[in-house]
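Overview (structure and organization)
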Amino acid sequence: MTIRVLKPGFFTTAQDLGRYGYAHLGISPAGAADPLSFRIANLLVGNDENVPALEMTLLGATLEFEEKAIVALTGASCECNGSAQVPFNAAFDLPAGATLKCGSMTTGARCYLSVQGGFDIPLVMGSASTFVAGHFGGFKGRRLQSGDVLQVRQHGSFRVRSLRPGALDSLRAPRPLRVTKGSQQDWFGPEAFEKLFSSAYTVSEQSDRTGLRLKGEAVRPREQSELLTDGIPLGAIQVPQDGQPIILFVDQQTTGGYPKIANVIAADVHRVGQLRPRDEVGLVEVSVAEAVQAIGEQERWLRGIFIS
Amino acid sequence: MKIIPASDSSLLVVFGNAISPALHERVIGLFHSFQAWHDPRIRNLHPGYASLLIDFDPLRLTHDELISVVQQLALARDSAAERRANVVTIPVCYDIEFGPDLLDVSQHTGLSLEEVVRLHSSPTYLVYFLGFSPGFVYLGGLPEALHTPRLATPRPSIAGGSVGIAGSQTGIYPVDSPGGWRLIGRTPLRMFDPEATPPTRLQPGDRMKFSPIDRANFEDMPQRDEARLA
């Protein structure tokens, strides 16, 4: 079964939950920027959660389905087919020959489209994720273009699932990003942390899957010294010389030379994936123990949101 | 050795604060021990100049458990560095077309073109780590006489395989990318191939040498695309 890309949208790529085990060769995980919405999209149509799906950014794609399909849309909501009739956060049927036109996203930055069976994307180093800067993975190592034809895997038996009413309301509530102190926390004095945690930052236009540049109160280390290049964890907040923090994201460099003051907790990575340029965001400190606890809670929450 | 919880899913093990072969050996020792341990709870290893970042699954492994593993592994002597006696040779064509900054480097260093090439291709370099982009190597051992500052304005596009100098560093651009290093030559070898196993020609801890080849040799090398890693 094939799906034809009529319009690719702003930036649409095939992703899964990332490519691990190659950071020592300079290869970052890539993968879904909002892994939570990605997993929910797959689970709704009855797929395993790590099956390849499409990640659309800010403006969705227009796709033509040759045969009937069962699909789901999650993450940032966008008006589809010019009406609000296309369900969100629920699996639905598309008849053969149907066109699905996803419009501009109104809440959040990224919308996920899963199809029952999953997109048939070859694995590179164990993952289907597109790493655009490295020109590999996903569909031909790049974002989708008009005229691309995607295949769908069709073996296996699937059981469509549905969400409890209001199950995702908690994801929408605006709140600051939770962070732990970072690798070079010793480089920064109490006033730097005070600034970081009390300021509202604006997400810059120069933000993408490699990193989100924040604009606002500058934070500076106690003294300007040179950091020996070291490894960068996902969600690290590095501070370059101008003091404007950068959240390093899924397509980030694996090593870097700027001090890292803080790190977004794993349970809030999905929120980073939904930040839009010009969004305002605050940062709040939690302990590593609290952050680890939040990951466990999120996994329990995910298991509890489905009716069946 | 200092162990820092860099995030809720990672630990940073810091061995010191200098670029030195002795510290590198400890980084690579721990890196190899973790590779040999082969635990699926460890997701990624990021060696740096004097540190190792260990990314793990916090649902299946705690920071405290990992800290005690690090301490045990760091105690065990690692002989991997000695085992890797072989030196990887990377052929480089130091042609003006491939190295448009050769004349600048010659001018800055006061060395003739021949001396630049001879000096650059004489040491055995140490691969401290890979980072920045897939397959990009951080090498140690560039002779001081060759140190040349990077370009004031980076080039928007550099061909994969280009060999450059930036300050005290030298390296190879593995794929086409923008960059500000002074270009002095190009290797016909493919430094990064996502379909190959392993996907990069060099690994952290490797030793490597540049070997000068002429233009005819460069064009002849069939491995430009189909070469697999030795």
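This is a predicted model, so every value here is computed, not measured. (Residues numbered from 1 in each chain as written. Chains lettered and ligands numbered in written order. Predicted model: local features only at pLDDT ≥ 70, side-chain atom pairs only at ≥ 80, totals over all residues.)

A short note on the overall build of chain B
In terms of helices and strands, chain B carries seven helices and 13 strands. Taken over the C-alpha trace, chain B has a radius of gyration of 19 Å; the compact-globule value for 230 residues is 17 Å, and the two agree within 12%. Its C-alpha atoms give chain B principal-axis dimensions of about 55 × 35 × 35 Å. Of all 230 residues assigned to chain B, the portion counted as buried reaches 45%. A fraction of 63% describes how many contacts in chain B between residues 6 or more apart in sequence connect residues 24 or more apart. (Helix = DSSP H or I, 4+ residues; strand = E, 2+ residues; numbered from the N terminus. Rg over C-alpha atoms; globule rule 2.2 N^0.38 Å. Buried ≥ 20, exposed ≤ 12 C-beta atoms within 10 Å, placed from the backbone. Contact = placed C-beta atoms within 7 Å.)

Here we look at the sheet that holds strand β10 (residues 149-151) of chain A
Residue and element names in this part refer to chain A. Ordered in space as β6-β8-β4-β1-β10, the five strands form an open sheet in which the pairing is antiparallel. On the outer flanks of this sheet lie β6 (78-80) and β10, each paired with one strand and no other. Between one strand axis and the next, the sheet turns by 25° as a mean value, whatever way the strands run. Judged from the four bridges that link them, strand β1 (residues 2-7) and strand β4 (residues 62-65) form a sheet pairing that is antiparallel. Bridged to V5 within β4 is L63. (Pairing = 2+ DSSP bridges. Axes fitted to C-alpha atoms, helices over the stretch in contact; angles between N-to-C directions.)

Side note on the environment of R303 of chain A
With respect to the element layout, R303 of chain A can be found in helix α5 (residues 288-304). For the pair R303 of chain A and G273 of chain A, spaced 30 residues apart in the sequence, the C-alpha separation amounts to 21 Å.

Side note on the domain arrangement of chain B
All names here are of chain B. Taken as a whole, chain B is organised into domain 1 (2-83) and domain 2 (87-226). One C-alpha centre belongs to domain 1, the other to domain 2; they are set 29 Å apart. Between domain 1 and domain 2, the contact holds nine residues from the first and six residues from the second. Ranked by the residues each element gives to the side of domain 1 that touches domain 2, the list is headed by helix α1 (residues 21-37), at four residues. Its residues assigned to classes, the side of domain 1 that touches domain 2 shows seven nonpolar, two polar and no charged. (Domains from an automatic or database assignment. Nonpolar A, V, L, I, M, F, W, Y, C, P; charged D, E, K, R; others polar.)

Some words on the sheet that holds strand β1 (residues 2-7) of chain B
All names here are of chain B. Spatially, four strands are ordered β1-β2-β4-β3 in an open sheet, and the strand pairing comes out antiparallel. Looking at strand neighbours, the two that pair on one side only are β1 and β3 (42-47), the edges of this open sheet. With direction set aside, neighbouring strand axes in the sheet form an average angle of 20°. When strand β2 (residues 10-14) meets strand β4 (residues 51-56), the two strands line up antiparallel, connected through five bridges. Of the residues in β4, the one forming a bridge with L12 is L53. Across the sheet, α1 is in contact with β2, β3 and β4; its angle to β3 comes to roughly 160°. Running over the sheet, helix α2 (residues 63-75) touches β1, β2 and β4 and is turned about 30° from β2.

Observations concerning the pairing of strand β18 (residues 260-264) of chain A
All names here are of chain A. Burial runs high along β18: five of the five residues are buried. Across three bridges, strand β11 (residues 177-181) lies against β18 in antiparallel orientation. The partner of V179 across the bridge, within β18, is V264. By the bridge criterion, three bridges tie strand β15 (residues 236-238) to β18 in an arrangement that is antiparallel. Counted as the bridge partner of Q238 is K260 from β18.

A closer look at the nonpolar core
Judged by nonpolar contacts, the single largest core of 142 residues is most densely connected at C111, Y112, L113 and I247 of chain A together with I54 of chain B. Sort the elements by how many residues they give to this core and helix α1 (residues 35-45) of chain A lands first, with seven residues. (Core = buried A, V, L, I, M, F, W, Y, C linked by C-beta atoms within 7 Å.)

Examining the interface of chain B and chain A
Facing 40 residues of chain B, the contacting portion of chain A comprises 35 residues. Secondary-structure elements contributing two or more residues to the side of chain B that touches chain A are β1, β2, β3, β4 and β6 (125-130) of chain B. Per-element accounting of the side of chain B that touches chain A gives the leading share, five residues, to β3 of chain B.

Quick word on the domain arrangement of chain A
All names here are of chain A. If you check the domain split of chain A, you get domain 1 (2-162) and domain 2 (171-304). Residue-level contacts link 21 residues of domain 1 with 15 residues of domain 2. The element that contributes the greatest number of residues to the side of domain 1 that touches domain 2 is α1, accounting for four residues. By residue class, the composition of the side of domain 1 that touches domain 2 is 12 nonpolar, six polar and three charged.

A few points about the pairing of strand β9 (residues 110-115) of chain A
All names here are of chain A. The element β9 is largely enclosed, with a buried count of six among its six residues. Residues R110, Y112 and S114 line one face of β9 and the alternating positions C111, L113 and V115 line the opposite face, and both faces are buried. As paired elements, strand β3 (residues 53-57) and β9 share four bridges and run antiparallel to each other. Paired with M56 across the strands is C111, a residue of β9.

Let's talk about the environment of S129 of chain A
Residue and element names in this part refer to chain A. Here S129 is to be found in the loop between β9 and β10. Its 28 C-beta neighbours within 10 Å are what place S129 among the buried residues. Between the alpha carbons of S129 and G31 there is a distance of 5.1 Å; along the sequence they are 98 residues apart. Residues contacting S129, with those up to four places away along its chain left out, are Q15, D16, G18, R19, A30, G31, G137 and G138.

Concerning unusual backbone geometry
Put simply, T197 of chain B and P198 of chain B share a cis peptide bond, and its omega is -10°. If you trace the backbone, P198 of chain B turns up in the loop between β12 (182-186) and β13 (207-213). A positive phi is found at H135 of chain A, a non-glycine position, where the angle reads about 60°. If you trace the backbone, H135 of chain A turns up in the loop between β9 and β10. Classification of H135 of chain A as partly exposed rests on a count of 16 C-beta atoms within 10 Å. Its identity is not glycine, yet H38 of chain B carries a phi of approximately 55°, on the positive side. Among the secondary structure elements, H38 of chain B is positioned in the loop between α1 and β3.

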